[in-house]
Amino acid sequence: MNDFTLHERITGAHDWATVLFVCCFGVIAINRTVFEARFAEFVKLAWSDKYTKIYKDSSNLQSWFTISFFFVQVISYAFLLQFILGYFGKSEGGFLNYIQLLTIITSFVLAKFLVEKIIATAFNIEDFNEQFNLHKVNYRAYIGLLLLPVNVVLFYNLAPKALVLYIILGLIVAASILSYLISLRIYQKLILSKLFYFILYLCALEIAPYFFLYYWFNRAS
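These figures come from a predicted structure and were not determined experimentally.

(A) Molecular detail of the overall build of the chain. Helix and strand counts for the chain stand at 9 helices and 0 strands. Secondary structure of the chain in N-to-C order comes out as α-α-α-α-α-α-α-α-α. The burial tally for the chain puts 38% of its 221 residues in the buried class. Considering only contacts within the chain whose residues lie at least 6 apart along the sequence, 79% involve residues at least 24 apart. Of the roughly 13600 Å² that the chain leaves accessible, carbon and sulfur atoms contribute 68%.

So this is what it looks like as structure tokens:
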């Protein structure tokens, strides 16, 4: 007769992530119900710019729809960052580590947004900054939305392989570059009229912060 040994299945370690995933999907469901027409256009953002044309007013940055998807976005990016750091042995995983990463990402995005507002006011390019920011926020929220189910699959399965992580990062970088190219096409007249300020804006606020963040993570680990 064979002897069987029973092992307790520990599921509590994943409870915190399950709560976050359920909250995110709940936010998506609420937006789909409350903002039905807007949500329908938003999910087409990958192949249609109709959403950006309809909701181009800068006041949309403070709307519930945008703010709630910002919540989904930072949660998605924090999970992905935890996977990446864990793969390279620079993160132990777990709830406390995730909260730290979530706080860093949220603080980084909000601080960057505030600095952009200050510089835009100083150089008198508030209109351009608000329109450009809204366009970036829309596409980054869209990427965060697409990333959410990927994070669910990665979290509840074995540790992701390097190829999977590189493919995901490659797609995110490609999507981000594409969104910038679309921005350049849409706002080319406005950019050309303020070309010097745009180059300064691009170098100081769109490139340099990510190098500093990368350097900080390397030093911290």
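The structure having been displayed, the exposition proceeds.
(B) Local environment of the nonpolar core. Within the largest apolar cluster, 42 residues are counted, with the highest numbers of intra-cluster contacts made by Phe42, Phe69, Phe79 and Tyr98. Mapped by element, the contributors of at least two residues to this core are helix 1 (15–34), helix 2 (36–42), helix 4 (64–87), helix 5 (95–122), helix 6 (126–155) and helix 7 (162–186). With 13 residues, helix 4 is the single largest residue contributor to this core. The residues touching phenylalanine 42, leaving out its near neighbours within four places in the chain, are Tyr51, Phe65, Phe69, Asn138, Ala141, Tyr142 and Leu145.

(C) Seen up close, the state of the cysteines. Under the criterion given, the structure shown has 0 disulfides. The thiol sulfur of cysteine 23 is not disulfide-bonded, and the nearest other cysteine sulfur, from cysteine 24, lies at 7.0 Å. The buried category is assigned to cysteine 24, whose relative accessible area is 0%.

(D) The arrangement of the pattern of salt bridges in detail. For the structure shown, the criterion picks out 2 salt bridges. Between lysine 50 and glutamate 41 there is a salt bridge whose closest N-O contact spans 3.7 Å. Using a relative accessible area of 42% as the deciding quantity, one classes lysine 50 as partly exposed. The salt bridge partner of glutamate 130 is lysine 117, with a shortest N-O separation of 3.5 Å. A residue pair is termed long-range when its members are at least 10 positions apart, and glutamate 130 in helix 6 and lysine 117 in helix 5 qualify at 13 residues. On the accessibility criterion, lysine 117 (32% relative accessible area) is partly exposed.

(E) Layout of the packing of helix 1 against helix 4. Two elements in contact, helix 1 and helix 4, have axes whose closest approach is 10 Å; the angle formed by their N-to-C orientations is 150 degrees. On the basis of the axis angle, helix 1 is roughly antiparallel to helix 4. Judged by the twist between their axes, the crossing of helix 1 over helix 4 is left-handed. On helix 4, the residues touching Trp16, Ala17, Leu20, Phe21, Cys23, Cys24, Val27, Ile28 and Asn31 of helix 1 are Trp64, Phe65, Ser68, Phe69, Phe71, Val72, Ile75, Phe79 and Gln82. Taken together, the residues that form the contact of helix 1 with helix 4 break down as 15 nonpolar, 3 polar and no charged.

(F) Fine view of helix 4. Its 24 residues place the ends of helix 4 35 Å apart at the C-alpha level, agreeing with the 34 Å of an ideal helix rising 1.5 Å per residue. In terms of residue burial, helix 4 counts as a mostly covered element, since 18 of its 24 residues are buried. Backbone geometry just downstream of helix 4 places glycine 89 in the positive-phi region, at approximately 75 degrees.

(G) Broad picture of the packing of aromatic side chains. Throughout the structure, instances matching the rule amount to 20 aromatic pairs. Between phenylalanine 42 and phenylalanine 65, the ring centres sit 5.5 Å apart and the planes meet at 85 degrees, which makes this aromatic pair edge-to-face. Highlighted residues: phenylalanine 42 in helix 2 and phenylalanine 65 in helix 4, separated in sequence by 23 residues. Taken individually, phenylalanine 42 and phenylalanine 65 each receive the classification buried, so the pair is uniform in this respect. An aromatic cluster is present here, built from Trp16, Phe21, Phe79, Phe83, Phe95, Tyr98, Phe155 and Tyr156 joined pairwise through their rings.

(H) Main features of the side chain of threonine 66. Along the polypeptide, threonine 66 turns up in helix 4. Residue classification places threonine 66 among the buried residues on the basis of a relative accessible area of 8%. Reaching out from threonine 66, the side chain makes a polar contact with the side chain of serine 63 at a distance of 3.1 Å. Dropping the residues within four chain positions of it, threonine 66 is found in contact with Arg38, Asn60, Leu61 and Val137.

Reading guide: rules and limits
- Residues numbered from 1 in each chain as written.
- Predicted model: local features only at pLDDT ≥ 70, side-chain atom pairs only at ≥ 80, totals over all residues.
- Heavy atoms only, no water.
- Helix = DSSP H or I, 4+ residues; strand = E, 2+ residues; numbered from the N terminus.
- Buried < 20%, exposed > 50% of the residue type's maximum accessible area, 1.4 Å probe, protein only.
- Contact = heavy atoms within 4.5 Å.
- Areas by Shrake-Rupley, 256 points an atom, 1.4 Å probe, with all protein chains shown as cover.
- Core = buried A, V, L, I, M, F, W, Y, C linked by side-chain atoms within 4.5 Å.
- Disulfide = S-S within 2.5 Å.
- Salt bridge = Lys/Arg side-chain N within 4 Å of Asp/Glu carboxyl O.
- Axes fitted to C-alpha atoms, helices over the stretch in contact; angles between N-to-C directions.
- Parallel < 35°, antiparallel > 145°, perpendicular 65-115°, else oblique.
- Left-handed = near helix turned anticlockwise from the far one by under 90°.
- Nonpolar A, V, L, I, M, F, W, Y, C, P; charged D, E, K, R; others polar.
- Expected span 1.5 Å × (residues − 1).
- Phe/Tyr/Trp six-rings, centres within 6.5 Å; stacked < 30°, edge-to-face > 60°.
- Polar contact = N/O pair within 3.5 Å; in protein donor to acceptor, adjacent residues only side chain to side chain.

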